[in-house]
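# Chain and residue survey
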Amino acid sequence: MNVESYISLTRELIIGFFALLLLTKILGKNQITQLTPFDFISALVIGELLGNAIYDDEIGLHYVLYAITIWGLLMYGIEMLTQKIRATRGLLEGTPSVVIAKGRIQFKELKRNKLDLNQLQHLLREKGVFSIREVEYGILETNGSVNVQKKPAFATPTNQDLSLQPQARGLPVMLIMDGEVITESLTLLSLSEEWLQGELLERGIASPKAVLYAEWQEHQPLFLQTYQADRFAR
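Residues numbered from 1 in each chain as written. Predicted model: local features only at pLDDT ≥ 70, side-chain atom pairs only at ≥ 80, totals over all residues. Heavy atoms only, no water.

Bringing the pairing of strand S1 (residues 97-101) into the picture now. Here S1 lies mainly inside the structure; 4 of its 5 residues are buried. Sheet topology places S1 next to strand S3 (residues 135-140); 4 bridges connect them, and they run antiparallel. The residue of S3 that forms the bridge with Ala101 is Tyr137. By the bridge criterion, 2 bridges tie S1 to strand S2 (residues 104-105) in an arrangement that is antiparallel. When the bridges of S2 are listed, Ala101 appears paired with Arg104. Remark: 2 residues form the turn of the hairpin made by S1 and S2, two consecutive strands paired antiparallel; Lys102 in that turn has positive phi of roughly 55°. (Buried < 20%, exposed > 50% of the residue type's maximum accessible area, 1.4 Å probe, protein only. Helix = DSSP H or I, 4+ residues; strand = E, 2+ residues; numbered from the N terminus. Pairing = 2+ DSSP bridges.)

Another point: the packing of aromatic side chains. On inspection of all chains with the given rule, the structure shows 1 aromatic pair. Relative to Phe223, the ring of Tyr213 has its centre 6.3 Å away and its plane inclined at 65°; by these criteria the two rings are edge-to-face. Highlighted residues: Tyr213 in strand S7 (residues 211-216) and Phe223 in strand S8 (residues 223-226), separated in sequence by 10 residues. (Phe/Tyr/Trp six-rings, centres within 6.5 Å; stacked < 30°, edge-to-face > 60°.)

Right, let's talk about helix H9 (residues 193-202) for a bit. Residues of H9 that are buried include every one of Leu196, Glu199 and Leu200, and no others. Summarising the axial view, the buried residues of H9 lie within an arc of 100°, below the 170-degree limit, and thus occupy one face. For H9, the exposed residues lying more than 90 degrees away from the buried face are Glu194, Leu201 and Glu202. Those residues of H9 hidden inside the fold are in contact with strand S5 (173-177), strand S6 (180-181), helix H8 (183-189), S7 and S8. Following H9 by one or two positions, Gly204 adopts a phi angle in the positive range, close to 75°. (Arc of directions from axis to C-beta. Contact = heavy atoms within 4.5 Å.)

What follows is about a nonpolar patch on the surface. Side chains of Tyr66, Ile70, Leu73 and Leu74 sit close together on the surface and give an oily, nonpolar patch of about 440 Å² of accessible area. Relative to the elements of secondary structure, Tyr66 occurs in helix H4 (residues 61-84). Taking the relative accessible area as the measure of exposure, Tyr66 reaches 57% and is therefore exposed. (Patch = residues over 30% accessible without salt bridge, like charges linked within 9 Å, V, L, I, M, F, W, Y side chains within 5 Å. Areas by Shrake-Rupley, 256 points an atom, 1.4 Å probe, with all protein chains shown as cover. Salt bridge = Lys/Arg side-chain N within 4 Å of Asp/Glu carboxyl O.)

Note: strands within a sheet are paired through backbone hydrogen bonds, in either parallel or antiparallel orientation. An order of S2-S1-S3-S4 is seen for the 4 strands of this open sheet, with the pairing classed as antiparallel. Strand pairing shows two members of the sheet lacking a second neighbour, S2 and strand S4 (146-150), which therefore form its edges. Strands S1, S2, S3 and S4 of the sheet are contacted by helix H7 (residues 117-126), whose axis makes an angle of about 70° with S4. (Axes fitted to C-alpha atoms, helices over the stretch in contact; angles between N-to-C directions.)

Next comes the structure, spelled out in structure tokens:
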């Protein structure tokens, strides 16, 4: 390969990279978090189109960009259609299937979804369920995951079950990461670096550089972990 070939390859990679980045931004995050079989195939097709442009000299990049644009518009149109017309969602996105109902495995639903018992057990273990006897209802989602409702005897008790007064909990805020103080977080919480230094000294830590991770949460003591793997300070 001569210098011109490397320049051409670099140009095609950069253009293809930003074209795919733009496409994912337009389609939204649900393409990743709610990946259906159709979405998976679409991603393969788009990758193959871009790969052809990069490694096949007979296919111009402008043709592939055109193909990616048309494919992206089709996917975007499907997303808009399913958002606007509820009746199309079952056909285009699929519908969840109840594979366990009232503690009993629904074999017909498993067969219809091409799912065997070993696969069902694997999906349940991903949810922390190691025995089917613990499950009251199991729903196979359109992205292939299984969500479960446990039987009352195996369900985690809630504050309401235990007659406990619930306490509101805010989101945790990171104050130190990799030995570096996150000043933006301190400003957000109206805290000072002097306050943080005092908290560290109370735990026998001389400098933030010794801290791998520090987290603040309302109504909770400051959580610290130093670079020493066996040392935690709360």
